[in-house]
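In case you want the letters, here they are:
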Amino acid sequence: MRLAEFGVTVRFALLAVVWGASFLFIKVGLGGLSPGQIALARVALGALALAVVLAVRRRPLPRDPVLWGHLAVVSVLLCVVPFLLFSWAEQYISSGLASIFNATTPLVTMLLAAAALPEERFTPPRVLGLLLGFLGVLTIVGVWHGIDVSHQLTAQLACLGATACYGACFVYMRRFVSPRGTDPVVVAFGQTATATVILGLLAPAIAATPAHLTLPVVASMVALGVFGTGLAYVWNTRIIAVWGAANASAVTYLTPVVGVLLGVLVLGEPVSWNQPAGALLVVLGILAAHGKLRLRRSTRAEATAGSRAL
């Protein structure tokens, strides 16, 4: 394996671990911080890490006020609201379960893109993927137990609300930000810095409770902000450049696995059978939506036809 390829492979592995561990870091952070304080610390440390990267690379910040307006929208959809929702939700559900719900993001994005972008219309594979993903969510929730309106159910809905924000943001970025050709790291810094300002203004209302800082809490926030919200984006950009977007997106399949394993091994969180079963259905839905299941079936059919011809 060439050195450059090995470096990208290492980045991919680190990205899967860091993003999968983000839900563990949130859970540990809740031991001394409120959800609002966690969201603020996350974006502030992420913006700081990206500012260092920009300074080292000598990348100037954009001066277009229209672009900054778009980045403000992105910061709300990609950082402010989902970070608050996930942090609040993990007060009532396990970190592993939150990571599983986060894995529905590609399917939610596809659903919203089909509604907002003409070129992203529904196709049979996408419909199959959405149906499998919806079945997966119902399995994760365990609808056969009945619908009990409680904090746990509300927390699960909050996680789905966060993924809906992610999906809406990706559609918005594709339509209003990506065509401008702005450096991805500059965009990442712009959205995290703007989110820091917004959450800072909201701090008296959402982050005014006393903080109880311990070494695990501080270390979790540093890891969540610097790596999970800052440097991880730089790694992801490099992976996409070398492997392509399709291969880079495979990290989506690994993050819930990492999240569940860390929750069990580090925090001793219980896992019921329907959670990994539902996660598997979600992953199958993502594969089906991208035509991977259909392509595999076609490959087998072609192989059978070839053997008959011989």
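In this convention, every chain numbers its residues from 1, walking through the sequence in written order. Given that this is a predicted model, residues contribute local features only at a pLDDT of at least 70 and side-chain atom pairs are listed and counted only at 80 or more, while totals for whole chains, interfaces and linings are drawn from all residues. By convention in this description, side-chain values take in all heavy atoms of the structure and omit both hydrogens and water.

This part covers the nonpolar core. The criterion is simple. A nonpolar core is a set of buried Ala, Val, Leu, Ile, Met, Phe, Trp, Tyr and Cys residues joined through side-chain atoms within 4.5 Å. Any residue under 20% of the maximum accessible area for its type is buried, any over 50% is exposed, and the rest in between are partly exposed; the area is computed with a 1.4 Å probe on protein chains only. Counting 52 residues, the largest nonpolar core has Val 74, Phe 86, Ile 93 and Cys 159 as the members making the most contacts within it. Any two residues whose heavy atoms approach within 4.5 Å at even a single point are treated as in contact. Those residues within four positions of Val 74 in sequence are excluded, and the remaining contacts are Cys 79, Cys 169, Tyr 172, Met 173, Val 177 and Gln 191. In terms of nonpolar packing, the next biggest core, distinct from the first, is built from 10 residues, Ala 47, Val 186, Phe 189 and Val 234 among them.

pLDDT is a per-residue confidence score from the predictor, ranging from 0 to 100. Looking at the protein, pLDDT values average 84 and 86% of them are 70 or higher. A low-confidence stretch, residues 295-310 (pLDDT under 50), is modelled with 0 contacts involving residues beyond four sequence positions or located in other chains.

Time to look at the packing of helix 4 (residues 95-102) against helix 6 (residues 124-141). Note on method: axes are straight lines fitted to C-alpha atoms, helices fitted across the in-contact stretch only, with angles between N-to-C directions ranging 0 to 180 degrees. Secondary structure elements follow DSSP: runs of H or I of four or more residues count as helices, runs of E of two or more count as strands, with numbering from the N terminus. In the contact formed by helix 4 and helix 6, the axes pass within 11 Å of each other and the chain directions differ by 165°. In this view, helix 4 runs roughly antiparallel relative to helix 6, as classed from their interaxial angle. The crossing of helix 4 and helix 6 is left-handed. Where helix 4 abuts helix 6, its residues Leu 97, Ile 100 and Phe 101 lie against Val 137, Ile 140 and Val 141. Angle categories: roughly parallel below 35 degrees, roughly antiparallel above 145, roughly perpendicular from 65 to 115, and oblique for all the rest. Each helix crossing is assigned a hand: it is left-handed if the near helix lies turned anticlockwise from the far helix by less than a right angle, otherwise right-handed if that turn is clockwise.

All right, on to the environment of Trp 88 then. Its place among the elements puts Trp 88 in helix 3 (residues 65-89). Separated by 53 residues in the primary sequence, Trp 88 and Pro 35 place their C-alpha atoms 5.3 Å from one another.

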